[in-house]
Amino acid sequence: MMVANAAKRLTCHQCQRPQSTCICRWISSTAHAVEVVLLQHPLEARSAKGSARLLHLSLPRSRMVTGEVFAERELQALLRDPFEPNADAAQDEKHAILLYPQTTDDTLAPPILNPEMLRDPSRLRLIVIDGTWRKSRKMLQLNPLLEQLPRLSLHDLPTSRYLIRKAHRSDQLSTLEATCIALSQLEADAERFQPLLTAFDGFVAQQLAQRDAGIIAASKSRENTM
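Anyway, here's the lowdown on the structure attached to this text.

### Focus on the overall build of the protein
A count of helices and strands for the protein gives 8 helices and 5 strands. Reading the protein from its N terminus to its C terminus gives the helix and strand order α-β-α-α-β-α-β-β-α-α-β-α-α. Out of the 226 residues in the protein, the part that is buried amounts to 43%. Of the contacts formed within the protein by residues at least 6 apart in sequence, a portion of 77% connects residues at least 24 apart. Total accessible area computed for the protein in this model is approximately 13000 Å², and 54% of it derives from carbon and sulfur atoms.

Structure representation (C-alpha cells):
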C-alpha cells in the first residue's frame, strides 16, 4: 500500500505532472519562426487543466516563466535578450508584441502595431500571459513594461476546443489555442500548427476522462460510507 501511494507521487520530470496524469504523449514538436515567451500566473502553474506547459514543450523556440510581478530587469531580458546566451544581441534583436486585446480600461493606450514590424516573423517575439482574464489584467497592470508593448488582437475566432474549462463566451480560447492562432497569422501558415491543435484535443479528452473517473470514484466512496 505504501509503495502504491509512493508511486502515485512520482512526478514526470518533463511535464512536471504526476506520472499517473502525465501529458507527454500529447507533445507535438512544431517548427516556428516567431519566438514565444509565456508569462504564467502562479495559480495556473498548479492547475491540471492548464495548457501552457504542453504548448511550451511543443514549441522549441519558447520560454516559460511563472510569476505575477517581474523585476524590470528580468522582464526586459525576457522581452529583448537573445534566447541563446552566445548570440549577438544587436543582430538578433527582436520586436516584442503582446498577445492581448485592446480594452477600454487600459491605463495607457498601447503603441500601434507597425505593419512593417510583421514582415519578418523571425524577428518577432510573442509575449503571452497565461492566466484567467482577471489575473491577466492584474499582471498587465503590475508590469508596466507589458503595457508599453504593441498588441496583437485576434478576431473572428473559432469556437474553443477547451471543454475542460467553462468560458463566458464561445470565442474565449485556451492559451495554447490563442497562441497557435496568433502564430498561424504571423507566419501565414495555419496548417503547420494543426497537428498541435489536434494533440490538444487528445489532452482535453484525457483531462475529461480523469475528471469523470474522479467523479465516479467519489460517488462510490459516498455510497460505501452510507
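That was the structure; now back to the text.
### A closer look at the pairing of strand 4 (residues 124-130)
Counted residue by residue, strand 4 has 7 buried out of 7 residues, so it is predominantly covered. Where strand 1 (residues 35-40) lies against strand 4, 6 bridges are found, and the strand directions are parallel. Following the sheet pairing, Leu 38 is matched in strand 4 by Val 128. Two elements, strand 3 (residues 95-99) and strand 4, share 5 bridges in a ladder whose sense is parallel. Its bridge partner being in strand 4, His 95 is matched across the sheet by Leu 124.

### Considerations on the environment of Ile 23
Tracing the backbone shows Ile 23 in the loop between helix 1 (2-8) and strand 1. Its relative accessible area of 0% is what places Ile 23 among the buried residues. Along the chain, Ile 23 and Cys 12 lie 11 residues apart, while their C-alpha atoms are 9.0 Å from each other.

### Observations regarding the sheet that holds strand 4
The strand order 2-1-4-3-5 describes an open sheet built from 5 strands, whose pairing is parallel. Every other strand in the sheet has two partners, leaving strand 2 (62-66) and strand 5 (151-152) as the edge strands with one partner each. By the bridge criterion, 2 bridges tie strand 3 to strand 5 in an arrangement that is parallel. Each residue of the ladder has a partner; that of Leu 98, found in strand 5, is Arg 151. On top of the sheet, helix 5 (residues 133-142) reaches strand 1, strand 3, strand 4 and strand 5; it is set at about 125 degrees to strand 4, its chief contact. Its contacts with the sheet put helix 7 (residues 175-187) on strand 1, strand 3, strand 4 and strand 5, and the angle it makes with strand 4 is roughly 160 degrees.

### What to know about helix 5
Burial in helix 5 covers these residues: Lys 135, Ser 136, Arg 137, Met 139 and Leu 140. Against strand 1, helix 2 (42-45), strand 3, strand 4, helix 6 (144-147) and strand 5 lie the buried residues of helix 5.

### Quick notes on the side chain of Glu 187
By the secondary structure assignment, Glu 187 is in helix 7. For Glu 187, a relative accessible area of 11% puts it in the buried group. A distance of 2.9 Å separates the side chain of Glu 187 from the backbone nitrogen of Val 34, its partner in a polar contact. In this structure Glu 187 touches His 32, Ala 33, Val 34, Pro 121, Arg 192 and Phe 193, once residues within four positions along its chain are discounted.

Basis of the calculations
Per chain, residue numbering runs from 1 following the sequence as it is written. Side-chain atom pairs in this predicted model are given and counted only at pLDDT of 80 or more, local residue features only at pLDDT of at least 70, and totals for whole chains, interfaces and linings cover all residues. As a rule here, side-chain values cover all heavy atoms of the structure and leave hydrogens and water aside. Here a helix means four or more residues in a row that DSSP labels H or I, a strand means two or more in a row labelled E, and each is numbered from the N terminus. Each residue is assigned to one of three classes by its accessible area relative to the maximum for its type, calculated with a 1.4 Å probe on protein chains only: buried under 20%, partly exposed between the two thresholds, exposed over 50%. In what follows, residue pairs with any heavy atoms lying within 4.5 Å of each other are defined as contacts. Note on areas: these come from Shrake-Rupley sampling with a 1.4 Å probe, and a residue is covered only by the protein chains present in the view. The pairing criterion is simple: DSSP has to find at least two bridges between the two strands. Angles shown run from 0 to 180 degrees and are taken between the N-to-C directions of axes, each axis being a line fitted to C-alpha atoms and, for helices, limited to the stretch in contact. As used in this structure description, the phrase polar contact means that two N or O atoms lie within 3.5 Å; if the pair is within protein, one of them must be able to donate a hydrogen and the other to accept it, and residues adjacent in sequence are counted only when both atoms belong to side chains.

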